[in-house]
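Structure at a glance
Residues per chain, in single letters:
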Amino acid sequence: MRTVLFGLTLILCLSKGNAQFVSQPNPNFRIDINEGCSPYGITITDLVPDRNDTVFYFYRNTLDPRICSQDYQVNFKPCINGEADTVVNQRTVNVEYFNASGRPEEFILIQVNKNAPVGEQVSFLKLVTTIPSLPPQIDVLACGDNSVSVLFDFEADFYDYYEIEFGDNSGIRTIEKNQPNRIDHNFAVGGQYTVTVKGKLDTGDDTNCAITTANVNTIEEAPEPKITRVEATGPNTLFLNYEPLNPTFGYNLEIDFGSGFEIARALNVEDNNTEIEISDNRIDNTNKYYQLRIQASDNCRVRSATSPIVSSVAINQFFREATSTLNTLLSWQTSSDDFGTVDYYRDNELKDSFTSARGDSILVALTNCLELTNSFLQRDYNGTVSKSLTIIPEVLDPIILPALIAPTTEFSSSGIQISWLAGDFKAANYEVLRKKSVNEYTSLGFTESLEWNDNSLPPSASSACYVIRYIDECGNQSDISLETCLPLVGSLKLPSAFSPNGDQINDYFKPLDGVFNEFKMTIYNRWGEFMYETNKPEEGWDGMGPNGMSAPGTYLFTISYIDEDNIPINRKGTFVLIR
């Protein structure tokens, strides 16, 4: 700040540090300092020669005698509101001024000598006195080429100018508050230096003013940053890992959205982070890739370095159709710079590697619905891992699985036996359906096996037609199979039991009625041992086996013949022999 004396202070010497300040209106005393940082001391010297009397001093007055009293030489007491001191037969007095207000304070020093001639008893000196001793607020920035910049906060203190020493014996430099708040310096040799800054006052009376010191390590070249990982974590989000940053430098993450690199985010060095996530509506991780880099520069923009450019990987995959496999279409994009391969993972297991940086509609065949799961692409970009979104192939509509071949049917003792072959896809269960009317089927139920016995035929049915469909482990359903029909007109009727006891009632096991061309019936016991065989449907089995009369129990039969409609019939089942 500039010292303003309102015309009341006579400055005998204007050179900084050597001024002497003399009282008004009579030159009865002087002081050596009239401005300084709190606390500071002044020396008062009495200028009246050969005086051996008592003198009063009032130090911290704020009232101007010429204003507060009509005749301060006669009545000075209304002007006294400061500290008092009595000096006897002493030509010099030392006084300490202090400041507790946090801002500059002005005081008026008054001397009263009642033995002086009339009109000379009261003299005073108005001084701008105490300045808070605040350390200069600075930022010391290390720059490339072994240079340094010191930035000042001029609003943080009340000094008029500053003296700077850079610690390399290059002398003292000054900066005034009416100048730009930055001063630069080049060191002849790189190393660590201590920069010292002292607040100064225009009067030169900067007694006890604070000093700020800062250590600085000079820089020759900017270190090259490095991105270690790029991952698409959302449709519009990229996550990056990078090597630790040098706190001496400033860093910006830059992304090329298609029209050249631009700053996406400034990296905060003070947080000591090594990762950052960027969300931007311009990012489309399913259809586009993006190039990224980190730009490093020293604080003075003298030296800079750029990380190697890395690229993200875009991925898109959707379901197309189910044939003998589940077919998905996979597409991707990434930069062809420094490209080797891009690896395809499902459930974190490597499934394939592609040697093209771009793939459109690549068919990926899956053998199981459970393989429609998390997929991603990954590449190594000169030591940097670049990973795409992790996605599940998009299925817009329910998957209709291919139909099974038509089932086979044959009569059994308890109904109609339906059998079928498994398809290309693993089934969680099969559904058996019987035709009810044209294009209408009734579900008979579900099974995990490959066969079903239908014992619920209505008595009036003339034929039985069946289709099969299945459901896989993911709930996808197949088309129905082709239809298989079994005619029931002239169908074989057999007893479920017989009793060969000679009572002429149910003494034989044989077909009850019908047309049986090329007939053959074979009987086995429960252990599969041959018991009886005939080509004559009217004969039947009388219960006698190779070793004589057969024991009561369950027996098995197989019958084959051609009916009246020239349809081959094959039937097998069980019956009971009763004694």
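Quantities reported herein were computed from a predicted structural model and do not represent experimental measurements.

Rules and cut-offs
Within each chain, residue numbers correspond to sequence positions counted from 1 in written order. pLDDT decides what is reported in this predicted model: residues at 70 or higher carry local features, side-chain atom pairs at 80 or more are listed and counted, and totals for whole chains, interfaces and linings draw on all residues regardless. As a rule here, side-chain values cover all heavy atoms of the structure and leave hydrogens and water aside. Helix and strand labels come from DSSP, where a helix needs a run of H or I of at least four residues and a strand needs a run of E of at least two; each type is numbered from the N terminus. C-alpha atoms define the radius of gyration, and 2.2 Å times the number of residues to the power 0.38 defines the globule rule. Relative accessible area decides the class of each residue, using a 1.4 Å probe on protein chains only: under 20% of the type maximum gives buried, over 50% gives exposed, and in between gives partly exposed. Contacts were defined at the residue level, with two residues in contact if any of their heavy atoms lie within 4.5 Å. Accessible surface is estimated by sampling points in the Shrake-Rupley manner with a 1.4 Å probe; for residues, cover comes only from the protein chains shown. In these notes, a set of buried Ala, Val, Leu, Ile, Met, Phe, Trp, Tyr and Cys residues joined through side-chain atoms within 4.5 Å is what counts as a nonpolar core. The disulfide criterion used throughout: a pair of cysteine sulfur atoms within 2.5 Å. Any pair of Phe, Tyr and Trp rings, taking the six-membered ring for Trp, is counted once the centres come within 6.5 Å. Such a pair is stacked with planes under 30 degrees apart, edge-to-face with planes over 60 apart, and tilted for the rest. For two strands to pair, DSSP has to find at least two bridges joining them. Note on definitions: angles span 0 to 180 degrees between N-to-C directions of axes, and those axes are lines fitted to C-alpha atoms, for helices only across the stretch in contact.

Comments concerning the overall build of the protein
What the protein contains, in helices and strands, is one helix and 48 strands. Over its C-alpha atoms the protein spans a radius of gyration of 54 Å, topping by over 25% the 25 Å that the globule rule assigns to 579 residues. The dimensions of the protein, computed from C-alpha atoms along their principal axes, are 175 × 55 × 45 Å. Put simply, the protein has 579 residues, and 45% of those count as buried. Relative to all contacts within the protein whose residues are 6 or more apart in sequence, the contacts with residues 24 or more apart total 60%. As displayed, the protein offers around 29,200 Å² of accessible surface, 47% of which is attributable to carbon and sulfur atoms.

A look at the nonpolar core
Formed by 101 residues in total, the largest nonpolar core has its most connected members in Phe-152, Leu-326, Ile-523 and Trp-541. The next biggest cluster of nonpolar side chains, apart from the first, holds 18 residues, and it includes Phe-21, Ile-33, Val-95 and Leu-109.

Considering the state of the cysteines
Enumeration according to the criterion identifies four disulfides in this entry. Between the sulfur of Cys-369 and that of Cys-474 lies a disulfide, 2.2 Å long from S to S. An S-S torsion of about 90° defines the bridge between Cys-369 and Cys-474 as right-handed. Within this pair, whereas Cys-369 is found in the loop between strand S30 (358-366) and strand S31 (375-381), its partner Cys-474 is found in the loop between strand S39 (463-472) and strand S40 (477-478), the two being separated by 105 residues in sequence. The exposure class of Cys-369 is buried, given its relative accessible area of 6%.

Considerations on the packing of aromatic side chains
Under the criterion given, the structure shown has 30 aromatic pairs. Taking 6.5 Å as the distance between ring centres and 50° as the angle between the ring planes, the aromatic pair formed by Phe-58 and Phe-76 counts as tilted. You can see Phe-58 sitting in strand S6 (residues 54-61) and its partner Phe-76 sitting in the loop between helix H1 (65-68) and strand S7 (84-88), a full 18 residues away along the chain. What makes Phe-76 buried here is its relative accessible area of 14%. Aromatic side chains Trp-420 and Tyr-430 sit 5.7 Å apart centroid to centroid with 55° between the ring planes, which places their arrangement in the tilted category. Of this pair, Trp-420 sits in the loop between strand S35 (415-419) and strand S36 (427-437) while Tyr-430 sits in strand S36, placing them 10 residues apart in sequence. You'll find Trp-420 and Tyr-430 in the same group, each marked buried. Through successive ring pairs, a cluster of aromatic residues spans Phe-498, Phe-509, Tyr-532, Trp-541, Tyr-555, Phe-557 and Phe-575.

Focus on the environment of Arg-182
Here Arg-182 is to be found in strand S15 (residues 182-186). Residue Arg-182 is classed as partly exposed on the basis of its relative accessible area, which comes to 37%. Between the C-alpha atoms of Arg-182 and Val-87, which are 95 residues apart in sequence, the distance is 49 Å.

Examining the pairing of strand S34 (residues 408-412)
Relative to S35, S34 runs antiparallel, the two being bridged by five bridges. Pairing of Phe-411 across the sheet is with Ile-416, part of S35. When S34 meets strand S48 (residues 568-577), the two strands line up parallel, connected through two bridges. Its bridge partner being in S48, Ser-412 is matched across the sheet by Lys-572.

Quick word on the side chain of His-185
Residue placement: His-185 occurs in strand S15. When its relative accessible area of 8% is taken as the criterion, His-185 is described as buried. Not counting residues up to four positions away in its chain, the partners in contact with His-185 are Asn-146, Ser-147, Val-148, Phe-166, Asp-168, Ser-170 and Arg-173.

Some points on unusual backbone geometry
In the segment running from Gln-24 into Pro-25, the intervening peptide bond is cis, with an omega of -5°. By the element assignment, Pro-25 lies in the loop between strand S2 (21-22) and strand S3 (29-31). The step from Ser-38 to Pro-39 runs through a cis peptide bond, and the omega angle for that step is -10°. As for its placement among the helices and strands, Pro-39 is situated in the loop between strand S4 (36-37) and strand S5 (40-46).

Observations concerning the sheet that holds S15
Here three strands make up an open sheet; going across it, the order is S11-S12-S15 and the pairing antiparallel. The outermost strands of the open sheet, each flanked by one partner alone, are strand S11 (138-143) and S15. Each strand axis lies, on average, 20° off the axis of its neighbour in the sheet, ignoring direction. Pairing analysis gives six bridges linking S11 to strand S12 (residues 147-152), with the strands arranged antiparallel.

As for the sheet that holds strand S26 (residues 314-322)
As summarised here, the arrangement of the three strands in space is S26-S27-S30, forming an open sheet in which the pairing is antiparallel. The sheet is open, and its two edges are formed by S26 and S30, each paired on a single side. Along the sheet, successive strands turn relative to each other by an average axial angle of 20°, direction set aside.

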